[in-house]
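# Residue-level structural notes
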Amino acid sequence: MLGLSAGARAKPDIPGTVGVATLEGERLSGPLFASGVEGHSILDSVTVIVTVDRDGRVIAAEPGEHSMRNLPPPLVWRGAEPPPGPAIAAARQWRFRPQQFEGHPVQAIGAIRIGYPVPEQPVDEQAVFPEGSPADTEITLERTSCFVGCPMYTVTVNGEGRVRFSADPATSHVALPGVHDAQISPQAATELIDAFRDHHFAGLQPMYRADLSDTATIILTLKRGGRTIRVTDLTGGFVTTPKALRTLQSEVDRVTDTDRWTYGNAQTIAAMKAQGMDFASAEIAEIAASVIRRHSFDAPLERQRDVGAFLRGLVEQGAALEMPVNGRTGETIPPKLPLGRLIAHFSTMTGDEALFSEMNRRGYVARMTAEERDSAFAAGAGCNVAVARGLLSAGADPQAQGEWGNAWHALGARSGFCEDVEARMDAFVDVMIAARVSPGAVNEAGDMPLHSLRSLALARGLIRAGARLDAQAGDGATALLSTDDDRIALTLLRAGADPHAGAGVGALRARAVEYHWPATLAWLDAKGL
């Protein structure tokens, strides 16, 4: 066990140091990769156990038990275990959000991962970059599809800022297929050309390969001064390619704002207006439906917000909400339904409060089927308290079960993917308790909501709701033996969980040692267990 600083001494009943399973997610700064060492795989990393003081500074670090070497040959660590020294040096530079337990500052201990970077393939920095005028300069980015339906398109921008985006309506997997023209400022175009020069695009290899499947091919082409330089990336932009190439791929997308055509955002509305599209048409209704059908609810939060803004814009511009569209996004959604109802369902699954409020005002939440409302509530209402309240007011069954189980299960499963859900969990718990959502519901795996939790606020809420603390999951484990968080384990013990239940106190102590739970170990010691 790592040593504790003198500042860790706390008030009675408040532990000086607690284990935090999600400590890695509390990082504010610090290198993600070690320096002075190279990995052989894109997944090579070393686990480091760090102790963090009350101000968020690392005061101790030691090697963890596991390194990640998960790819099959030839992308695996070759030879001996990766040396931990560089990882520990990198970990000591991290800063974390200061941690609290029961309202008091505490030290924290937890596991983080430090990557060992794959050596970049060399770039010839002496290669001559072609000279030319803006009029004879053209940059093209082409992305092909992948097995899971990656956006497939071509975007070209010339030195004067003229942009052309094209995507096949039948195969492209984009929000707004076809050919679209736009304009960026000449200064932005010049800065993009300068980026190609500064990143030595002329010194890249013509092709990059990796032993990977299911990746899109990305082709980046520069035409300037009579020369054509084309770089084909068969890795899908993976980290095995030079950082310069990946940077330039992303920069072309950013400067030309391809998201407005590929995924949909607020700028998509302006593009549609510029093309004179009829917002009340069946074409627009089907575009909106296709964006929803292709949306992944595990997408980055920024993208979820962009898609929500796009759909709100369509509604404001008079989209035909009664238009029947293909809405098949899951078992609860029928093949044909009004666009307004599909958008309402999307808002409940993403927790887009503004979109939900608008669709509720227009009556489409009330027009969702009981099964649609129930499934949305059981999925956690997009981790949004107002959406949860609105669904219940519209008649959602608080006891409904879905993919994860009931709404308690869903909040536990999604707590790591929802923005700031911990800060709102107490309010969510109030809604759940008021609605009498069962804390003892069993999902298909035989687990109750209290099992395998990482959310301390949710654990406290389930205790308030009367959850059975010693109930066993489908695999026979109690809540104490299924969590990996010291704070949750200690909270359960203080609430009356039996340390002898299930596999017994010996198994609990062993878990506390394995997962670095100083507070739980101190509790067991104080009880003589």
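Once a new chain begins, its residue numbering starts again from 1 and follows that chain's sequence as written. For a predicted model such as this one, the threshold for reporting local features is a pLDDT of at least 70, and the threshold for listing and counting side-chain atom pairs is 80 or more; totals across whole chains, interfaces and linings nevertheless cover every residue. In computing side-chain values, all of the structure's heavy atoms are included and hydrogens and water are not.

### Examining the overall build of the protein chain
In plain terms, the rule: Counting from the N terminus, the helices are DSSP H or I runs at least four residues long and the strands are E runs at least two residues long. For every residue, the accessible area obtained with a 1.4 Å probe (protein chains only) is divided by the maximum for its type, and the residue is called buried under 20%, exposed over 50%, and partly exposed between those limits. Working rule for contacts: check all heavy atoms of both residues, and any pair within 4.5 Å makes them a contact. Using a 1.4 Å probe, accessible areas were evaluated by the Shrake-Rupley method; residue-level cover was limited to the displayed protein chains.
Within the protein chain one finds 18 helices and 16 strands. Relative to its 529 residues, the protein chain shows a buried fraction of 50%. Expressed as a percentage of contacts within the protein chain between residues at least 6 apart in sequence, the contacts between residues at least 24 apart total 68%. Total accessible area computed for the protein chain in this model is approximately 23,500 Å², and 50% of it derives from carbon and sulfur atoms.

### Comments concerning the sheet that holds strand E12 (residues 207-208)
Put simply, the test is: When DSSP finds at least two bridges between two strands, those strands are taken to pair. Note on geometry: axes are C-alpha line fits, over the in-contact stretch for helices, and angles between N-to-C directions span 0 to 180 degrees.
The seven strands are arranged E11-E10-E9-E8-E13-E14-E12 in an open sheet whose pairing can be described as mixed. Edge positions in the open sheet fall to strand E11 (178-183) and E12, since each of these has one partner strand only. Two strands pair when backbone bridges link them, and strand E8 (residues 137-143) and strand E9 (residues 153-158) are joined in this way by six bridges, in the antiparallel orientation. When the bridges of E9 are listed, Arg143 appears paired with Tyr153. Each of E8, E9, strand E10 (162-167), E12, strand E13 (218-224) and strand E14 (227-233) touches helix H3 (residues 243-256); the most contacted strand, E8, lies at about 100° to it.

### Considerations on the side chain of Arg373
Selection rule: The convention is simple: Lys and Arg are positive, Asp and Glu are negative, and His and the chain ends are not counted. Every case where a carboxyl oxygen of Asp or Glu lies within 4 Å of a side-chain nitrogen of Lys or Arg is listed as a salt bridge.
With respect to the secondary-structure elements, Arg373 resides in helix H11 (residues 370-378). Within the buried core, Arg373 has no salt-bridge partner, and the shortest N-O distance to an opposite charge, that of Asp374, equals 5.9 Å. In this view, Arg373 contacts Val365, Ala366, Met368, Leu391, Ala394, Gly395 and Ala396; residues no more than four positions away in its chain are not counted.

### As for H3
Stated formally: Any helix carries an expected span of 1.5 Å times its number of residues minus one.
Look at H3: 20 Å from first C-alpha to last across 14 residues, which is about the 20 Å you get at 1.5 Å a residue. Among all positions of H3, only Ala244, Leu245, Leu248, Gln249, Val252, Asp253, Val255 and Thr256 are buried.

### Observations regarding helix H13 (residues 407-414)
As a reminder, the rule being used: Polar contacts, as used here, are pairs of N or O atoms within 3.5 Å; protein pairs need one atom able to donate a hydrogen and one able to accept it. Residues neighboring in sequence count only if both atoms are side-chain atoms.
Among the eight residues in H13, six count as buried, and that is most of the element. Every buried residue belonging to H13 is among Ala407, Trp408, His409, Ala410, Leu411 and Arg414, and all of these are buried. The N-terminus of H13 is capped by Asn406, whose side-chain oxygen sits 3.0 Å from the backbone nitrogen of Trp408.

### A short note on the pairing of E11
On E11, burial follows the alternation: Gly178, His180 and Ala182 on one face are buried, whereas Val179, Asp181 and Gln183 on the facing-out side are not. As defined by bridge partners, E10 adjoins E11 across six bridges and the pair is classed as antiparallel. Looking at E11, one finds that Phe165 is bridged to His180.

### A word on the packing of aromatic side chains
Note the cut-off: Centre distance within 6.5 Å is the pairing criterion for rings of Phe, Tyr and Trp, where only the six-membered ring of Trp is used; planes under 30 degrees apart are then read as stacked, over 60 as edge-to-face, and the remainder as tilted. Our definition puts a charge over a ring when NZ of Lys or CZ of Arg is within 6 Å of the ring centre and also within 35 degrees of the ring normal.
Scanning the model with the defined rule gives five aromatic pairs in all. Ring centres 5.6 Å apart and planes at 40° place the aromatic pair Trp94 and Phe96 in the tilted group. Taking relative accessible area as the criterion, Trp94 reaches 2% and is therefore assigned buried. Taken together, the ring pairs connect Tyr153, Phe165 and Trp261 into an aromatic cluster. In this arrangement the basic side chain of Arg27 is found over the ring face of Trp94, its NZ or CZ atom lying 5.3 Å from the centre.

### Examining the confidence of the model for the protein chain
Residues shown with low pLDDT carry predicted positions that ought not to be read at fine detail. Convention followed: Each residue carries a pLDDT value, the predictor's own confidence for that position, ranging from 0 to 100.
The share of residues in the protein chain with pLDDT of 70 or more is 88%, and the mean pLDDT across the chain is 88. By mean pLDDT, strand E4 (residues 58-68) is the weakest element of the protein chain at 79, and strand E5 (residues 95-96) is the strongest at 98. In this model, residues 3-10 is a region of pLDDT below 50 whose contacts with residues beyond four sequence positions or in other chains number 15 contacts. Every residue in residues 67-79 scores below 50 in pLDDT, and together they form 32 contacts with partners more than four places removed in sequence or on other chains.

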